[in-house]
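Observations on chain architecture
The primary structure of each chain is shown beneath.
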Amino acid sequence: MCGIVGYVGKHNPKDVLLAGLKALEYRGYDSAGIALKNEDETQIIKSVGKIKNLEEKIDCSSLIESNIGIAHTRWATHGAPTENNAHPHHVGKVTLVHNGIIENASEIKERLLKEGVKFNSDTDTEVACGLINYYYDGDEVKAIENAIDELTGSYAFGIMFEGNNNLYAVRKGSPLIVGISDNENYIASDITAIINYTNKYMLLEEGEIAVISDSEVKLFKDGKEINKEVLTADIKAEDKDKQGYEHYMLKEIMEEPILLENTLKTFLDDMSLVPDLGDYEEIHVVACGSAMYAGMIGKALLEEKAGIRVICEVASEYRYKKIIYDRKTLVILVSQSGETADTIAAMRKAKENGIDTLAIVNVKTSTIARETDKQIFIEAGPEIAVATTKAYILQVAIFGLLAYKASHSENIISEIKKLPRYVKEILDDRDRYLNLAKEIYKNNDVFFIGRKVDYAICMEGSLKLKEVSYLHSEAYQAGELKHGTISLIEDGTPVFGIITDDDIRDKTISNIEEVKSRGAKVIIVSNKLVSGYDRQIIVPKISEFFQAILIVPCLQLIAYEVAKLRGCDIDKPKNLAKSVTVE
Ligand code: F6R
């Protein structure tokens with residue numbers, strides 16, 4: 001988390017840096033800051049909260065003449081989200097922005113304090129800045145090399161030194177790119193920050209140090225200069241617009257039909273592009289958050305339909321757990337960003353054990369896309385809203401295809417082709433979700449219950465609602481609620497009953513009766529009419545491999561409408577960040 005952008009060129013960097021920060025705000029928005037530099041001085045302006053606070057402060061400041069600067073938007077890890085702890089940090093001759101966590105910051109700080117270095121914040125970043133300054137004797141690259149030799153943890157650093165007009169960048173574990181243009185160069189956490197200025201960039205690999213002036217970029221690794229390919233990003237500036245929608249979340253939900261059509265088409269035209277999982281005795285699906293819930297749907301389908309043994313595990317657990325690799329195993333890593341720290345660690349653990357890895361990933365240049373053995377790209381385009389919607393739907397679609405192929409079921413391709421149209425019809429019925437949202441947005445708690453694959457759907461429905469609307473919600477296996485949690489059901493508590501699985505329909509309905517008889521307001525979301533309850537959302541019935549794709553968009557829109565009624569910052573919910581690059 002945290003976003004970094006830097007500029008060196010012919011102009012004052014303020015506008016580029018602010019535009020970059022706005023594009024990166026999805027990576028964290030606890031505080032923000034910029035540093036501008038010229039031969040005589042460095043000017044740092046910081047502010048707590050969103051970028052607009054920083055912008056207001058900058059507008060009221062008189063800025064120094066400058067053509068080099070770095071900027072940062074923060075998701076707090078070490079140190080509260082105060083102005084003092086905001087980046088950029090400045091120690092001696094070094095000014096620095098950081099994305100990541102320095103794990104051995106306290107010991108280094110103790111040592112530097114003894115050397116007389118003064119610190120003004122509680123951050124690990126200021127320690128890294130102090131360490132580079134400690135080693136700086138006129139050779140910038142050497143100072144960075146010496147410092148990173150000592151640092152443990154993860155980092156992407158953008159660095160400026162007093163006395164020269166270059167930008168410096170280095171990374172380990174956190175993403176960083178170098179943007180290239182004529183007489184202007186950039187650094188950024190990702191290309192979206194600078195896409196309005198250039199689509200040419202280099203991917204900085206771990207341990208490489210970039211020395212960037214307005215006219216050239218030099219890269220060093222282990223003290224030697226190296227060459228690097230210049231890549232062209234295929235995203236367009238307009239991909240980042242809301243295109244008339246009030247929020248990115250809504251725009252991205254509304255993109256689901258066309259994206260499903262495009263992504264599925266490639267595979268339906270040539271099913272040999274869908275990897276065959278039949279060769280494996282065990283599949284591990286590893287991911288975080290919504291990507292994990294997409295994986296839970298994958299597990300249900302692969303087990304039930306294809307008879308493949310699947311373990312689905314949260315990446316932050318998987319990376320530290322004892323995993324018994326005693327069968328021919330494939331580890332599937334699911335990630336929109338491809339930069340989630342825990343998922344990367346899980347991927348590396350599998351690789352260290354000689355296990356095959358497959359990524360279901362959106363960002364093609366990401367670490368997970370680059371380091372896995374095989375990749376399936378979901379082709380969602382940039383997802384800007386912090387809460388994932390379209391990427392999740394495409395991840396579930398890919399699992400549907402994997403399970404369909406592995407199950408050797410009868411040909412349902414013509415049925416699958418109906419999916420985008422059905423999703424569009426479901427999304428077009430927006431009033432239905434708004435009306436329902438009006439009925440529940442003032443409640444304190446909401447529950448989602450279902451069994452098997454429907455429970456996996458509940459997990460995503462519940463997460464979406466709570467993360468964007470701050471309305472407390474829980475997902476439960478329908479049969480499990482009565483073992484304690486049912487005591488929370490009161491008169492009028494909304495309970496969503498998700499029922500798509502015919503085999504278990506009657507059992508789920510019995511559990512729904514249990515909450516109804518305790519006063520719950522029951523909202524059925526199903527592919528078949530179930531009468532006798534307060535509200536019904538009925539979607540078309542489609543092959544079980546893809547049924548979840550018709551249910552979740554309803555839940556996404558309900559979450560969106562509830563969040564809007566509750567006046568929440570829908571695209572940037574509090575305490576969250578889009579790309580979780582710390583563990
Ligand atoms: C929730 C959400 C998160 C992500 C999770 C994994 O709406 O977006 O739960 O799904 O942080 O992120 P990726 O997919 O980038 O690995």
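What you are looking at is a predicted structure, and each value in this text was computed from that prediction instead of being measured.

**A word on the layout of surface pockets**
Approximately 950 Å³ is the volume attributed to the largest pocket. Per-class residue counts for the lining of the largest pocket are 15 nonpolar, 11 polar and 15 charged. Counting contributing residues, the lining of the largest pocket receives three or more from each of domain 1 (3-239) and domain 2 (248-565). When its volume is computed, the second largest pocket comes out at roughly 670 Å³. Gly 289, Ser 290, Glu 467, Ala 577 and Val 580 are, among the 29 residues lining the second largest pocket, the residues nearest its centre. When its residues are assigned to classes, the lining of the second largest pocket shows 14 nonpolar, 9 polar and 6 charged.

**Notes on the site of the ligand**
Around the ligand, the structure places 15 residues, and the nearest of them are Ser 335, Gln 336, Thr 340, Lys 464 and Glu 467. Ser 335 places a side-chain nitrogen or oxygen 2.6 Å from an oxygen atom of the ligand. For the ligand, an oxygen atom lies 2.5 Å from a polar atom in the side chain of Glu 467. Cavity membership is defined here by more than half of the atoms lying within 2 Å of grid points; on that basis the ligand lies in the second largest pocket. Mapped onto the shell around the ligand, the elements with two or more residues apiece are helix 8 (289-306) and helix 16 (453-469). For the shell around the ligand, a count of residues per class yields 6 nonpolar, 7 polar and 2 charged.

**Brief notes about the pairing of strand 7 (residues 153-161)**
The buried fraction of strand 7 amounts to 9 of the 9 residues, a majority that puts the element mostly inside the structure. The pairing of strand 6 (residues 94-102) with strand 7 spans 9 bridges and is antiparallel. Pairing of His 98 across the sheet is with Phe 157, part of strand 7. Bridging between strand 7 and strand 8 (residues 167-172) involves 5 bridges; their strand directions are antiparallel. Paired with Gly 158 across the two strands is Ala 169, which belongs to strand 8. Where strand 7 folds back on strand 8, the antiparallel hairpin that results is connected by 5 residues, among which Gly 163 adopts a positive phi of roughly 100°.

Definitions and cut-offs
Residues numbered from 1 in each chain as written. Predicted model: local features only at pLDDT ≥ 70, side-chain atom pairs only at ≥ 80, totals over all residues. Heavy atoms only, no water. 1 Å grid on protein atoms, 1.4 Å probe; cavity = no way out; pocket = protein on both sides within 12 Å on 5 of 7 lines; lining within 4 Å. Points joined across faces, edges and corners; volume = space filled by probe spheres on them. Nonpolar A, V, L, I, M, F, W, Y, C, P; charged D, E, K, R; others polar. Domains from an automatic or database assignment. Near = heavy atom within 4 Å. Polar contact = N/O pair within 3.5 Å; in protein donor to acceptor, adjacent residues only side chain to side chain. Sits in = over half its atoms within 2 Å of the grid points. Helix = DSSP H or I, 4+ residues; strand = E, 2+ residues; numbered from the N terminus. Buried < 20%, exposed > 50% of the residue type's maximum accessible area, 1.4 Å probe, protein only. Pairing = 2+ DSSP bridges.

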